[in-house]
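Descriptive structure summary
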Number of protein chains: 2
Amino acid sequence: MDQEIEKTQTKSEIYDEILLAALKLFAEKGYFNTSLTDIVEAAEIKTTSVLYHHFKNKQMIATVLYENIFDSLNVSVDDIRRKNQKSSDQLRGIVDLLFRLTDEASYVMQFLLILKIDEFLPEQKPVLETAAFIKIIKIIQAGINAGEIRNIDPKLCYAYFFGIINSTLRLVLTGAVDKSADTYLSSTWLTAWNAIAKK
Amino acid sequence: MDQEIEKTQTKSEIYDEILLAALKLFAEKGYFNTSLTDIVEAAEIKTTSVLYHHFKNKQMIATVLYENIFDSLNVSVDDIRRKNQKSSDQLRGIVDLLFRLTDEASYVMQFLLILKIDEFLPEQKPVLETAAFIKIIKIIQAGINAGEIRNIDPKLCYAYFFGIINSTLRLVLTGAVDKSADTYLSSTWLTAWNAIAKK
DNA sequence: GTCTATACGCCGATAGAC
DNA sequence: GTCTATCGGCGTATAGAC
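Scoring rules and cut-offs
Residues numbered from 1 in each chain as written. Chains lettered and ligands numbered in written order. Predicted model: local features only at pLDDT ≥ 70, side-chain atom pairs only at ≥ 80, totals over all residues. Heavy atoms only, no water. Helix = DSSP H or I, 4+ residues; strand = E, 2+ residues; numbered from the N terminus. Buried < 20%, exposed > 50% of the residue type's maximum accessible area, 1.4 Å probe, protein only. Contact = heavy atoms within 4.5 Å. Near = heavy atom within 4 Å. Polar contact = N/O pair within 3.5 Å; in protein donor to acceptor, adjacent residues only side chain to side chain. Nonpolar A, V, L, I, M, F, W, Y, C, P; charged D, E, K, R; others polar. Axes fitted to C-alpha atoms, helices over the stretch in contact; angles between N-to-C directions. Parallel < 35°, antiparallel > 145°, perpendicular 65-115°, else oblique. Left-handed = near helix turned anticlockwise from the far one by under 90°. Core = buried A, V, L, I, M, F, W, Y, C linked by side-chain atoms within 4.5 Å. Salt bridge = Lys/Arg side-chain N within 4 Å of Asp/Glu carboxyl O.

Residues and elements named next belong to chain B. Relative to the assigned elements, Ser 87 resides in helix α5 (residues 87-104). By relative accessible area, Ser 87 is classed as buried at 5%. The residues contacting Ser 87, other than those within four sequence positions of it, are Ile 139, Ala 142, Gly 143, Glu 148 and Ile 149.

Encoded structure:
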C-alpha cells in the first residue's frame, strides 16, 4: 500500500521507525503522556538529535501521522467508490475496511477513533471535514437520492450508521470485548444498515 | 440537584468555583492544555495557593469532577429504574436525560463523551465499569430476558444503542450541527431502539 | 548525520510570612 | 486562609564539535 515510493525519495528507514514508534505510543498513552525520550527509545535511535534531524518538532510528527492516515483513508474511499455503484455497496466496502484496520492496524484505528486529535493538532481539520469523510457524506446523500436510504439529514444519518460501527470498533480497540472485530462484522453491518435503510 | 448539601458541610463557594472553572476548561481545551494558572484565572481567585488549599493537586480536581459526574449519573439511573418497569422505558429515560444534559450541561456531557478520561485519570475505572454503566448493561440484559430486546451480547447491544445516541450527541457537542440535541431526540430514540428491539 | 552537552521555559508544587 | 516568593523537574529544543 505504501509501495509506490521510488527508491530515490525514500525518506530513510529511521523516518519510518520514528513515525511507527510515535503512532504506537500516542495510541497507547496519548500524545501528552508521550515524551520525545519515549519516542527515541521506542524507535531505537540514540538521541533526540536524530529525531530533530527528521522532524521539526514533536507536533510535526503527529501532523505527518495525521496526514498519512487521512490521505490513505481518502485513497481507499476513492477506490471503494470506483469499484461499487450502489451506496449500500460503497458503505459496505468502507465498513469492511474499518473492521479490517481494527484487527490488522489497531494503532491506526485508535488514532482515528480514540484519540482526541484536536487537542494536540488544533489547526488540523476536524475529522468530518477531511476529504475522506466529506466523500462518505456524499455517498450517504447519493443513497438518499437513489431511494436506498431514508430521507434524513445526511449528518444525522452518518451519526446513526457510523455510531453503530464506531462504537462497536471502540469496544474491540479498548479491550471491552475480547474477540476480534471481524467476529462482529456481519451482525454490526446489518444493524447499521438497517438503521438508515429505507424500508 | 445539588441542594441536598447541609449548610454546615458546604465546601465553600470557592471550592465549587474551582471545580466549575476546571470542568469548563477541561471540556474546552483538554486536561493537558489547561494549566493551574488557567483555572486560577477562570475561577477568579488570586493565586495557586488558594487552589492548593482546596485540592491536593491538579489530578485531584479532575478526580472530584469524575466522581461527581459519575455519582450523579448513577443516582439518576437508579431513579429512572425505580420509576419505570420496562427496559424500553428505562432506556428512554436515560436517553431523555443524556439529551437534556447535552443541551443544559454541555460541559458535563463533554467530560463524559468527548474527553479521553483514562489519559489523565489512568487509575479510574473505564466508563463501562462504573456503577451507572453496569446498571445500564443490566437494563439491557433484563430487556433481552423479557423478550423486548433481541438476543445478542449485551455489550454489543450497548454499542449499537448508545453508539447511535452518543454519536448524535457528539455532533451537537462538537458543533458539527447547529441545532439543539432536543431537536433530534425523537428521531434518534426511534432509530436506536429499533436497532436493538425484537421485531 | 550523529554525538555530547546544555539551555530554557513552563508548570506543578511548596515554604513561610502574615 | 491568603499572600509573595521561589523551587525543582521535566520535556522540548538547540549549539556546536566531530
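Here the narrative resumes, following the displayed structure.
Here we come to the protein's contact with DNA strand D. Lining the immediate surroundings of DNA strand D are 14 residues, of which Leu 36, Tyr 52 and Lys 58 of chain A together with Lys 46 and Ser 49 of chain B lie closest. Among atoms of DNA strand D positioned within 4 Å of the protein, sugar and phosphate together represent 62%. For DNA strand D, a phosphate oxygen lies 3.0 Å from a polar atom in the side chain of Tyr 52 of chain A. At a separation of 2.9 Å, a base oxygen of DNA strand D approaches a polar side-chain atom of Ser 49 of chain B. Where the surface near DNA strand D is concerned, the elements lending two or more residues are α3 (48-54) of chain A together with α3 (48-54) of chain B. Looking at the surface near DNA strand D residue by residue, the class counts come to 4 nonpolar, 8 polar and 2 charged.

Residue and element names in this part refer to chain A. The contact between helix α1 (residues 13-29) and helix α6 (residues 106-113) brings their axes to 9 Å, and the two run at 55 degrees. It follows from the interaxial angle that α1 and α6 lie oblique. Two packed elements cross with a definite hand, and for α1 against α6 that hand is left-handed. Every residue of α6 that contacts α1 at Leu 23, Lys 24, Ala 27 and Glu 28 is listed here: Tyr 107, Val 108, Gln 110 and Phe 111. When its residues are assigned to classes, the contact of α1 with α6 shows 5 nonpolar, 1 polar and 2 charged.

Let's shift gears to the environment of Ala 176 of chain A. Structurally, the position occupied by Ala 176 of chain A is in the loop between α9 (154-173) and α10 (181-196). C-alpha of Ala 176 of chain A to C-alpha of Val 40 of chain A: the two residues are 136 residues apart in sequence and 31 Å apart in space. Setting aside residues no more than four positions away along its own chain, Ala 176 of chain A makes contact with Leu 171 of chain A together with Leu 128 and Lys 155 of chain B.

All right, on to the protein's contact with DNA strand C then. Around DNA strand C sit 13 residues in total, of which Lys 46 and Ser 49 of chain A together with Leu 36, Tyr 52 and Asn 57 of chain B are the nearest. The protein-proximal atoms of DNA strand C, defined as those within 4 Å of the protein, are 59% sugar or phosphate. Leu 36 of chain B places a main-chain nitrogen or oxygen 2.8 Å from a phosphate oxygen of DNA strand C. Here a phosphate oxygen of DNA strand C and a side-chain polar atom of Tyr 52 of chain B are 3.1 Å apart. For the surface near DNA strand C, the element with the highest residue contribution is α3 of chain A, accounting for 3 residues.

What follows is about the nonpolar core. Phe 161 of chain A together with Phe 161 of chain B are the most contacted members of the largest nonpolar core, which has 148 residues in total. Ignoring any residue separated from it by four or fewer positions in sequence, one finds Phe 161 of chain B in contact with Leu 91, Val 95, Trp 189, Ala 192, Trp 193 and Ile 196 of chain B.

A separate point is the pattern of salt bridges. Residues and elements named next belong to chain B. Taken as a whole, this structure holds 14 salt bridges over all chains when the rule is applied. Put simply, Lys 29 and Asp 38 hold a salt bridge, and the shortest N to O gap is 3.0 Å. Under the relative-accessibility criterion, Lys 29 is labelled partly exposed at 32%. For the salt bridge of Asp 78 with Lys 135, the shortest nitrogen-to-oxygen distance reads 2.9 Å. Here the residue Asp 78 occupies a position in helix α4 (residues 58-83), and Lys 135 occupies one in helix α8 (residues 131-145), the gap between them amounting to 57 residues.

This part is about unusual backbone geometry. The backbone of Glu 44 of chain A shows a phi angle near 55 degrees, a positive value even though the residue is not glycine. Residue position: Glu 44 of chain A is located in the loop between α2 (36-42) and α3.

With that settled, the discussion passes to the interface of chain A and chain B. The parts lose accessible area when they come together, and the size of an interface is often stated as this lost area. Between chain A and chain B, the residue contacts involve 29 residues of the former and 29 residues of the latter. Applying the counting rule to chain A against chain B returns 0 salt bridges. In this assembly, chain A and chain B are joined by 12 residue pairs in polar contact (both at pLDDT 80 or more). Residue assignment for the side of chain A that touches chain B shows that the elements contributing at least two residues are α9 and α10 of chain A. Among the elements that make up the side of chain A that touches chain B, the one with the highest residue count is α9 of chain A (10 residues). Among the residues making up the side of chain A that touches chain B, the classes are represented as 14 nonpolar, 8 polar and 7 charged.

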